[in-house]
Amino acid sequence: IKEQSVIAICSLFENYVNRLIDLSGLDIREASSYNHIVQDFNLKKGSDNGSLRKIYFIIKKLGFKQLPFEHEQPIELLGEIFTIRHVIVHFDGIIKKENHENAIYANHKKNGKIVITDNSIDDFIHRIVIHMSGFTKRIDDYLESRSHESKV
């Protein structure tokens, strides 16, 4: 059941990000291939995912000055959640690729398999909330300002 919880958390997050792109009037196709997050944050190859690239796309396209990833937990922690989900869904929880091995921290793997501890789900939700609270506020402010501009 813990593995299903990870999949659900990631799915909800991905839906949320896709909806933000739509609400912001941006092109989802452009967002899906936006790879600058790997370079700008010096991430290891494989530690990013589509949702993280889409968030970074929104940040850059809307011109947000301060990134929510800079002052909170490292962006790699969000990447780890999505890597864990990917390994669960596509490899039945068995870590087969080196970039997956590198992106997953020791407390979530053992003997080449994903380990979801009792505290993992709370930790994953907390990581997402920390990163997304400031980001959500910026999106709300942006949409509100855009709404005021269209009324003028």
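Residues numbered from 1 in each chain as written. Predicted model: local features only at pLDDT ≥ 70, side-chain atom pairs only at ≥ 80, totals over all residues. Heavy atoms only, no water.

### Things to note about the environment of Arg 29
Rule in force here: Helix and strand definitions follow DSSP, with helices as H or I runs of at least four residues and strands as E runs of at least two, each counted in order from the N terminus.
The residue Arg 29 is located in helix H2 (residues 28-32) in this model. Taking the C-alpha atoms as reference points, Arg 29 and Lys 54, separated by 25 residues in sequence, lie 9.8 Å from one another.

### Quick look at the side chain of Ser 51
Definition in use: Summary of the burial criterion: residues with accessible area below 20% of their type's maximum are buried, those above 50% are exposed, and those between are partly exposed, where the area comes from a 1.4 Å probe applied to protein chains only. Here a residue-residue contact requires only that any non-hydrogen atoms of the pair lie within 4.5 Å.
With respect to the helices and strands, the residue Ser 51 is situated in helix H4 (residues 50-62). Judged by relative accessible area, which is 5%, Ser 51 ranks as buried. When near neighbours in sequence (up to four residues on either side) are disregarded, Ser 51 contacts Phe 13, Glu 14, Val 17 and Phe 82.

### Some remarks on unusual backbone geometry
As a rule of thumb, non-glycine residues mostly have phi less than zero, and peptide bonds are mostly trans rather than cis. Positive phi, close to 55°, is recorded for Asp 92, a residue that is not glycine. Along the polypeptide, Asp 92 turns up in the loop between helix H5 (75-91) and helix H6 (98-103). For Asp 92, a relative accessible area of 67% corresponds to the exposed category. Positive phi, close to 50°, is recorded for Asn 111, a residue that is not glycine. Within the element layout of this structure, Asn 111 appears in the loop between strand S1 (109-110) and strand S2 (113-114).

### Some thoughts on the pattern of salt bridges
Oppositely charged side chains may form a pair once their charged atoms are brought near each other. This is how it is decided: Any carboxyl oxygen of Asp or Glu that lies within 4 Å of a side-chain nitrogen of Lys or Arg is treated as forming a salt bridge with it.
In total, this model carries eight salt bridges according to the counting rule given. Close ionic contact of Lys 2 with Asp 118 constitutes a salt bridge, the shortest N to O distance being 2.7 Å. Taken together, the positions of Lys 2 in helix H1 (residues 2-23) and Asp 118 in the loop between S2 and helix H7 (120-151) put the pair 116 residues apart, joining distant regions of the chain. Since its relative accessible area comes to 29%, Lys 2 is described here as partly exposed. Taking relative accessible area as the criterion, Asp 118 reaches 70% and is therefore assigned exposed. Two residues, Glu 101 and Lys 109, come together in a salt bridge whose shortest N-O distance is 2.8 Å. Here the residues in one salt-bridge network are Glu 80, Asp 123 and Arg 127, joined through shared partners.

### With respect to the packing of H1 against H4
Inclusion rule: Every axis corresponds to a line fitted to the C-alpha atoms, with the helix fit spanning only the stretch in contact, and the corresponding angles, defined between N-to-C directions, vary from 0 to 180 degrees. In what follows, roughly perpendicular refers to angles from 65 to 115 degrees, roughly parallel to angles under 35, roughly antiparallel to angles over 145, and oblique to any angle outside these ranges. Crossing handedness follows the turn of the near helix against the far one: under a right angle anticlockwise gives a left-handed crossing, and clockwise gives a right-handed one.
Across the interface, H1 lies against H4 with an axial gap of 10 Å and an inter-helix angle of 30°. The pairing of H1 with H4 is recorded here as roughly parallel in orientation. Regarding H1 and H4, the two cross each other, and that crossing is left-handed. Here Phe 13, Glu 14, Val 17, Asn 18, Leu 20 and Ile 21 of H1 come into contact with H4, specifically with Ser 51, Lys 54, Ile 55 and Ile 58.

Function cannot be read off these values alone, since they describe shape.
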